[in-house]
Amino acid sequence: MARRVSRRATFGPAFIAPYVIFLLLFGLVPAAYGVYNAFIVTPVVGDTYYSLTKNFEDVLGDYRLPSATANVAMYLAIWLPLLLIVVFGIALLIDSKRSRFAGFTRFIVYVPGAVTGSAAALLWLFMFSPTVSPISNLLKPLAGSNGLIISNQTLPFVLAVMGIAAGAGGWVVLLLGALSAIPKELIDAARVDAASTWQIIWHVKLPLLRRYAAFILIVSLANGFQVFVEPQVLGAGSIGQISSTWSVNQLVYAYASEEANFGRASALSVVLLAVTVVAAIIVIKKTNFYRVEGH
Amino acid sequence: MKISIYPIAALAAASLLLAGCTPTTPSGPVQDPAAGITVWADSVRVVTAQNYADANPDANVTAVAVDDSQGALASRIALATNAGDELPDVVFLGQPDSIATLIANPVNFPLDVSADADFLDGFAEGTVARCSLNGAAYCVPNDIGQTVLYYNQTLFESFGYEVPTTFDEWLALGEAVAVDHPGFSLGSISGRYGLDGYYGSSGCQYNDAKSATDVVINLTSDACTRVNDVVGPLLANGTLSTLDPFDPAFTQIVTEGRLLATISPSWMGPYGIKPSSVEEGNWAVAPMPTWAGASTNYAGAVGGGIWVISAQSRNIAAAVAFVQYATTDTEVQIGGPTYPADVAGAEAWLASTTADTWYAADPAPALIDAAGKISPTLGFVRYQTQLIDSFNQTVIINGATDISSAFADFATRAVQAAEQAGYTVLEQ
């Protein structure tokens, strides 16, 4: 028995070691360095000094931050609810009528998710460009006075469409897995009690999927707050239509690249991290995400 | 989740301790005439460096191709400085505004070349001055993007229009075009083409840097309002386009032959118009029109690269020799893609432009005229991207309805951008 414990004690750390090493090297150490950097103030001329508040005051008082925050908030407000509705809608629909095409349907739903990040941004850049888009006639009513679709104002909608097209498929597959794990007896029992399909979804399936909703929300929130690649690529593609500091993370990038002010860049990153963590904590608390069954 | 306050307290203590010790400004390193030099340049100019390296094996030149997109090079040098890595001896900046980042903390990269380079007099008037601050010259100009008036001579003749020599005539032309030939365009005013081409050429001060920390911003002057008087009506009647000249929707205008004329940088002909309007014998170049009340037809500037030598170079003489080769060697200039800043080099470069039958008339005189007249109010600042963003969000979006209030919004943001980037904003 004692020997077994010691073996387990060696194997456990050995198994997680690769993960821990990567977490340390590429996760925690850079994050800690970023936090440290946030307190280093680099004035344009003169000596570098340390301050607990200066960089934070500078970035929180930046005239670009309110609009960047509003842009990201708008994007999240459109994207997150839509994502949940679409993902749950499709998953429940596929699940309610299990046919022999289920596997194929699942694959079809997942395919758009294969195009992500900058590739997706490029793809949608063409989709939303009236002169080259295959659906340009459909888009015409949405164009601004300059004939273009993509602008600072329409970007939240564009990003929401992109985000759902790229992300929904993966989540649907995840939810289908969760749905198939619901004991058949539970559904049968509900049927025996004369529950309609709608009632089964509402009173049996959805409550059991609550934590999956939380998981989707947490992951999406973290990604959404830090949105960077899509507006950056769309901005580079539709020149002059999108502010170079449209999202908060782009503002971070502007500090680090054009102003070479790593202190400010780190300070705003820390603020962004804090916001993401707080949002995640709220979601976790509200959905009892970590509650263990039976406690 | 429980957050320990100990790390924060420790950090605070450490910061108090460290605040006492301050780094000293390093003075230049000891010179070593045998030391090799490293050159960082974009994919075009790295060829120049490589050719130089091959022709001068004793100079021991290492040419490195680097990403030259906005901000990339400045941040790379800043990171290398922070990390204590080897810095290049010479850098090419295709985004010359980056020089404003390089002369500030934490980089403090450039060498004042005014004492070491005896060939600075050979460059087009005002091009060295653009990155001269407090008497120090921090760059050697490579090429310039002086603005000129491109016009479709064939269309002008068939419509019976005269080529404008003043911006009042430009305005009159735009108003006539809107009535008589709707759908025809007088070019793009988006972003830097509008800001640096129109407002910049008029002497409107939004980036007139005097030092790393001082900039003159005066956006209520006549030099700005007279541009509003021209731009506002032409935005309203649609003859000036709010699209970027490289937006597919704008290229379509050029392809369809509806671009009548445009105030554009010198490189716009071969790289912006020619690919979409390939037919020979249509396009000609005229000097910049003069703004109302101005005595000189100053040009704006869009683009134009610069060379910067590191103050930390251990072989300044070799670095200067290379930069002199890159900017003044006639063969190099002839092979360059855009208008050389070196006056003699430009003359040689223009030979092929003059011979190009795509032009309806020799563009050389107009290009030469504008080359020496880039407005002295145009400087390099750290907030140039923010200026362009703000310009697009104010004048470009709202200028057609109310140019004055749109420009006032721009003025507010320009001052905010300058202050946020660490500048003290001066009135004059």
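What you see as residue numbers is a count from 1 along each chain, following the sequence as written. The naming scheme follows written order: chains are lettered A onward, ligands numbered 1 onward. Owing to the predicted nature of the model, reporting of local features is limited to residues with pLDDT of at least 70; listing and counting of side-chain atom pairs is limited to 80 or more, with chain, interface and lining totals taken over all residues. Excluded from the side-chain calculation are hydrogens and water; included are all heavy atoms of the structure.

## With respect to the packing of aromatic side chains
Residues and elements named next belong to chain B.
Next up, step 1: Two aromatic rings from Phe, Tyr or Trp, using only the six-membered ring of Trp, form a pair when their centres are within 6.5 Å; if the ring planes differ by under 30 degrees the pair is stacked, by over 60 it is edge-to-face, and anything between is tilted. Using the criterion set out here, one finds 32 aromatic pairs over all chains in the structure.
Next up, step 2: Joined through ring pairs, the aromatic side chains of Tyr52, Phe92, Trp307, Phe322 and Tyr325 make up one cluster.
Next up, step 3: To sit over a ring, a charge needs its Lys NZ or Arg CZ within 6 Å of the ring centre and within 35 degrees of the ring normal. Against the face of Tyr423 rests Arg382, its NZ or CZ located 4.2 Å from the ring centre.

## So, empty space enclosed by the protein
All names here are of chain B.
Next up, step 1: A 1.4 Å probe that fits into a set of points on a 1 Å grid over the protein atoms alone but cannot get out defines a cavity; an open set with protein on both sides within 12 Å along at least five of seven lines defines a pocket, and lining residues are those with an atom within 4 Å of a point. Grid points are joined across faces, edges and corners, and a volume is the space filled by probe spheres set on the points. By the definition in use, this model includes five cavities of 30 Å³ or more.
Next up, step 2: Reported here for the largest cavity is a volume of approximately 90 Å³.
Next up, step 3: As for the largest cavity, its lining consists of 14 residues, and the residues nearest its centre are Arg130, Asp143, Ile144, Gly304 and Phe380.
Next up, step 4: In this count, Pro and Cys sit with the nonpolar residues alongside Ala, Val, Leu, Ile, Met, Phe, Trp and Tyr, while Asp, Glu, Lys and Arg are called charged and the others, Gly among them, polar. Of the residues assigned to the lining of the largest cavity, the class counts are seven nonpolar, five polar and two charged.
Next up, step 5: Approximately 80 Å³ is the volume attributed to the second largest cavity.
Next up, step 6: Forming the walls of the second largest cavity are 13 residues, and the residues nearest its centre are Pro245, Phe250, Thr262, Ser264 and Met268.
Next up, step 7: Under the scheme used here, helices are H or I runs from DSSP no shorter than 4 residues and strands are E runs no shorter than 2 residues, and both carry numbers assigned from the N terminus. Going through the elements one at a time, helix 9 (248–255), strand 10 (261–265) and helix 10 (268–273) are the ones with two or more residues in the lining of the second largest cavity.

## A look at the pairing of strand 3 (residues 90–93) of chain B
Residues and elements named next belong to chain B.
Next up, step 1: Only protein chains enter the accessibility calculation, which uses a 1.4 Å probe; a residue whose area is less than 20% of its type maximum is buried, one above 50% is exposed, and one in between is partly exposed. Of the two faces of strand 3, both are covered, the one formed by Val90 and Phe92 as well as the one formed by Val91 and Leu93.
Next up, step 2: Relative to strand 3, strand 1 (residues 37–41) runs parallel, the two being bridged by two bridges. Bridge assignment links Val39 to a residue of strand 3, and that residue is Val90.
Next up, step 3: Strand pairing is assigned whenever DSSP detects at least two bridges linking the two strands. Across four bridges, strand 3 lies against strand 12 (residues 306–309) in antiparallel orientation. Counterpart to Val91 in the pairing with strand 12 is Val308.

## Comments concerning the interface of chain B and chain A
In many analyses, interface size is given as the accessible surface area lost on bringing the parts together.
Next up, step 1: The interface of chain B with chain A comprises 42 residues on the first partner and 38 residues on the second.
Next up, step 2: By buried area we mean how much accessible surface two parts lose on assembly, using a 1.4 Å probe and totalling the loss over both. For the pair chain B and chain A, the summed buried area comes to about 3,300 Å², and 59% of that belongs to carbon and sulfur atoms.
Next up, step 3: Salt bridge, as applied in this entry: a Lys or Arg side-chain nitrogen positioned within 4 Å of an Asp or Glu carboxyl oxygen. The tally of links between chain B and chain A comes to zero salt bridges.
Next up, step 4: Any N or O atom pair separated by 3.5 Å or less is treated as a polar contact, with the protein-specific requirement of one donor-capable and one acceptor-capable atom, and with residues adjacent in sequence counted only for side-chain atom pairs. Linking chain B with chain A are 11 residue pairs in polar contact (both at pLDDT 80 or more), by the criterion used here.
Next up, step 5: Element by element, the count of residues in the side of chain B that touches chain A is highest for helix 15 (residues 384–398) of chain B, at six residues.
Next up, step 6: For the side of chain B that touches chain A, a count of residues per class yields 18 nonpolar, 19 polar and five charged. Should any heavy atoms of two residues lie within 4.5 Å, those residues are considered in contact.

## Section: the confidence of the model for chain B
Residue and element names in this part refer to chain B.
Next up, step 1: Averaged over all residues, the pLDDT of chain B is 89; the fraction at 70 or higher stands at 94%.
Next up, step 2: pLDDT is a per-residue confidence score from the predictor, ranging from 0 to 100. Here helix 1 (residues 6–19) is the element of chain B with the lowest mean pLDDT, 44, and strand 7 (residues 147–152) is the one with the highest, 96.
Next up, step 3: Here residues 1–26 scores under 50 on pLDDT; set against residues more than four positions off or in separate chains, the count is 13 contacts.
Next up, step 4: Overall fold confidence for the complex sits at a pTM of 0.86, while the interface term, ipTM, reaches 0.83.

## Quick word on the state of the cysteines
All names here are of chain B.
Next up, step 1: Defined by distance alone, a disulfide is two cysteine sulfur atoms within 2.5 Å. On inspection of all chains with the given rule, the structure shows two disulfides over all chains.
Next up, step 2: With its sulfur 1.6 Å from that of its partner, Cys131 forms a disulfide with Cys139. Here Cys131 matches Cys139 in class, with each residue buried.
Next up, step 3: Across a sulfur-sulfur distance of 2.0 Å, Cys204 and Cys224 are joined as a disulfide pair. Where Cys204 bonds to Cys224 through sulfur, the torsion about that S-S bond is close to 95°, and the disulfide is right-handed. In this pair, Cys204 sits in the loop between helix 7 (191–199) and strand 8 (205–209) while Cys224 sits in helix 8 (residues 222–236), placing the two residues 20 residues apart along the sequence.
Next up, step 4: The class for Cys204 is buried, based on a relative accessible area of 1%.

## Overview of the nonpolar core
Across soluble globular proteins, you tend to see nonpolar side chains buried next to one another.
Next up, step 1: Of all hydrophobic cores here, the largest spans 142 residues; its most connected members are Trp170, Tyr198, Tyr199, Leu219, Trp307, Phe322 and Tyr383 of chain B.
Next up, step 2: Discounting chain neighbours no more than four positions away, the residues touching Phe322 of chain B are Ile37, Val39, Thr48, Ala49, Tyr52, Val90 and Trp307 of chain B.
Next up, step 3: Ranked by size, the runner-up nonpolar core spans 69 residues in total, among them Phe39, Ala91, Phe128 and Val204 of chain A. Residues belong to a common nonpolar core when they are buried Ala, Val, Leu, Ile, Met, Phe, Trp, Tyr or Cys residues joined through side-chain atoms within 4.5 Å.

## Some thoughts on helix 3 (residues 72–83) of chain B
Next up, step 1: Given a rise of 1.5 Å per residue, 12 residues ought to cover 16 Å, and the 16 Å separating the end C-alpha atoms of helix 3 of chain B matches this to within 8%.
Next up, step 2: Every buried residue belonging to helix 3 of chain B is among Ala72, Leu73, Ala74, Ser75, Ile77, Ala78 and Ala80 of chain B, and all of these are buried.
Next up, step 3: Along its buried surface, helix 3 of chain B packs onto helix 12 (248–257) and helix 13 (262–287) of chain A together with strand 1, strand 3 and helix 4 (98–102) of chain B.
Next up, step 4: At the exit of helix 3 of chain B stands Gly84 of chain B, carrying a positive phi of roughly 75°. Helix span, expected: 1.5 Å multiplied by one less than the number of residues in the helix.

## With respect to the sheet that holds strand 8 of chain B
Residues and elements named next belong to chain B.
Next up, step 1: As summarised here, the arrangement of the three strands in space is 8-9-13, forming an open sheet in which the pairing is mixed. Unpaired on one side and paired on the other, strand 8 and strand 13 (424–426) mark the two borders of the sheet. Along the sheet, successive strands turn relative to each other by an average axial angle of 35°, direction set aside. Note on geometry: axes are lines fitted to C-alpha atoms, helical ones only across the stretch in contact, with angles between N-to-C directions running from 0 to 180 degrees.

## A word on the pairing of strand 10 of chain B
Residue and element names in this part refer to chain B.
Next up, step 1: Summarising burial for strand 10: five of the five residues are buried, a large majority.
Next up, step 2: Two strands pair when backbone bridges link them, and strand 7 and strand 10 are joined in this way by five bridges, in the antiparallel orientation. Bridged to Tyr150 within strand 10 is Thr262.

## Description of unusual backbone geometry
Next up, step 1: Of note in this structure, Ala194 of chain A is not a glycine but carries a positive phi near 70°.
Next up, step 2: One can find Ala194 of chain A in the loop between helix 8 (184–192) and helix 9 (197–208).
Next up, step 3: In this structure, Asn60 of chain B takes a positive phi of about 55° despite not being glycine.
Next up, step 4: Relative to the elements of secondary structure, Asn60 of chain B occurs in the loop between helix 2 (45–55) and strand 2 (61–65).

## Here's the deal with the pattern of salt bridges
Residue and element names in this part refer to chain A.
Next up, step 1: Under the definition given, this model contains 15 salt bridges over all chains.
Next up, step 2: Residue Arg64 pairs with Asp62 through a salt bridge whose shortest N-O separation is 2.9 Å.
Next up, step 3: Using a relative accessible area of 5% as the deciding quantity, one classes Arg64 as buried.
Next up, step 4: Residue class for Asp62 comes out buried when judged on its relative accessible area of 2%.
Next up, step 5: What emerges from the salt-bridge pattern is a single network uniting Lys54, Asp58, Asp62, Arg64, Glu259 and Arg264.

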